[in-house]
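# Coordinate inspection notes
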Amino acid sequence: MQWKQVTAAALLSVAANQAMAAELKVQIEVPSIDIAEYHRPYVAVWIENAKGRHQQDLAVWYDLEMRDNEGTKWLKDLRLWWRRSGRQLEMPVDGISSATRPVGAHEMVFAADDPKLADLPAGEYRLVVEAARELGGRELLRLPFQWPAEAAQKQKQQGEHELGRVALELTP
């Protein structure tokens, strides 16, 4: 009988630790734009240090369905990301690149031990989200944060045209 209680307690402890695990959560809203010829935006999400130096790519959303990998042709419209990181990459990049997203809110969650975050030294950073759309505009938002998170952190900004609400949440 006692081993059942110990096993149950151990399982509850593991579940509680997993629920409390440190993570970085990003929410990006792709706004609805009322125009005749709508194209989904290309979006790049990365981390830069306090001096503006690129540290780590988190995601790149672009048109993966185009024949002969032609969707990569317009990645340079994500101008800042392209200069800082994109031109050195051979797309697609496993775990980073994926298809463009439709209108609506989209969430990405990264555990602290995720390879994209695991080697990030302690310090002040900014999450950068850049969006560009064919026959549309370009928009860039930066959300500051401290890594690793010693306390819960929440940041949000509202885009003006190519991005809707962008939110960052860190849990220690």
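Throughout what follows, the structure given in this document is the object of discussion. (Residues numbered from 1 in each chain as written. Predicted model: local features only at pLDDT ≥ 70, side-chain atom pairs only at ≥ 80, totals over all residues. Heavy atoms only, no water.)

### Thoughts on the sheet that holds strand E6 (residues 123–132)
Basically, it comes down to this: Paired strands, in this sense, are two strands between which DSSP finds at least two bridges. Numbering of helices and strands runs from the N terminus, with a helix taken as a DSSP run of H or I at least four residues long and a strand as a DSSP run of E at least two residues long. Note on method: axes are straight lines fitted to C-alpha atoms, helices fitted across the in-contact stretch only, with angles between N-to-C directions ranging 0 to 180 degrees.
Strand order in the open sheet made by the 5 strands is E4-E3-E2-E6-E7, with mixed pairing throughout. One side of each edge strand has no neighbouring strand; the edge strands of this open sheet are strand E4 (97–99) and strand E7 (138–147). Each strand axis lies, on average, 15° off the axis of its neighbour in the sheet, ignoring direction. Bridging between strand E2 (residues 42–49) and strand E3 (residues 54–62) involves 6 bridges; their strand directions are antiparallel. What sits directly across from Ile47, in E3, is Gln56.

### What to know about the pattern of salt bridges
The line we're drawing: We define a salt bridge as a contact between a side-chain nitrogen of Lys or Arg and a carboxyl oxygen of Asp or Glu at a distance within 4 Å. The buried label applies to any residue whose accessible area, calculated with a 1.4 Å probe on protein chains only, is under 20% of its type's maximum; exposed applies above 50%, and partly exposed to all values in between.
Taken as a whole, this structure holds 5 salt bridges when the rule is applied. Its salt-bridge partner being Glu48, residue Arg126 comes within 2.7 Å of it at the nearest N-O pair. Placement of Arg126 in strand E6 and of Glu48 in strand E2 is noted, with a sequence separation of 78 residues between them. Using a relative accessible area of 25% as the deciding quantity, one classes Arg126 as partly exposed. The salt bridge involving Glu48 is made with Arg142; its shortest N-O contact spans 2.6 Å.

### Quick look at the environment of Ala132
Which entries qualify depends on this criterion: Two residues qualify as a contact provided that any one of their heavy atoms is within 4.5 Å of a heavy atom in the partner residue.
Relative to the assigned elements, Ala132 resides in strand E6. For the pair Ala132 and Leu163, spaced 31 residues apart in sequence, the C-alpha separation works out to 9.1 Å. Each residue touching Ala132, except ones within four places of it in the same chain, is listed here: Pro41, Tyr42, Asp77, Leu78, Gly137 and Arg138.

### Notes on the pairing of E2
With 8 of 8 residues buried, E2 lies mostly within the body of the structure. Neither face of E2 is left uncovered, since the one carrying Tyr42, Ala44, Trp46 and Glu48 and the one carrying Val43, Val45, Ile47 and Asn49 both have all their residues buried. As judged from the 8 bridges shared by E2 and E6, these two strands associate in the antiparallel manner. Following the sheet pairing, Asn49 is matched in E6 by Tyr125. Connecting E2 to the next strand, E3, in antiparallel fashion are 4 residues, including Gly52 with a positive phi near 85°.

### As for the sheet that holds strand E5 (residues 104–111)
Sheet strands pair via backbone hydrogen bonds, and the direction of the pair is either parallel or antiparallel. Across the sheet, 4 strands lie side by side as E5-E1-E9-E8; this open sheet has antiparallel pairing. Two strands close off the open sheet at either side, each with one partner strand: E5 and strand E8 (153–158). Between one strand axis and the next, the sheet turns through 10° on average, direction left out of account. When strand E1 (residues 23–30) meets strand E9 (residues 165–171), the two strands line up antiparallel, connected through 6 bridges. Counterpart to Glu23 in the pairing with E9 is Thr171.

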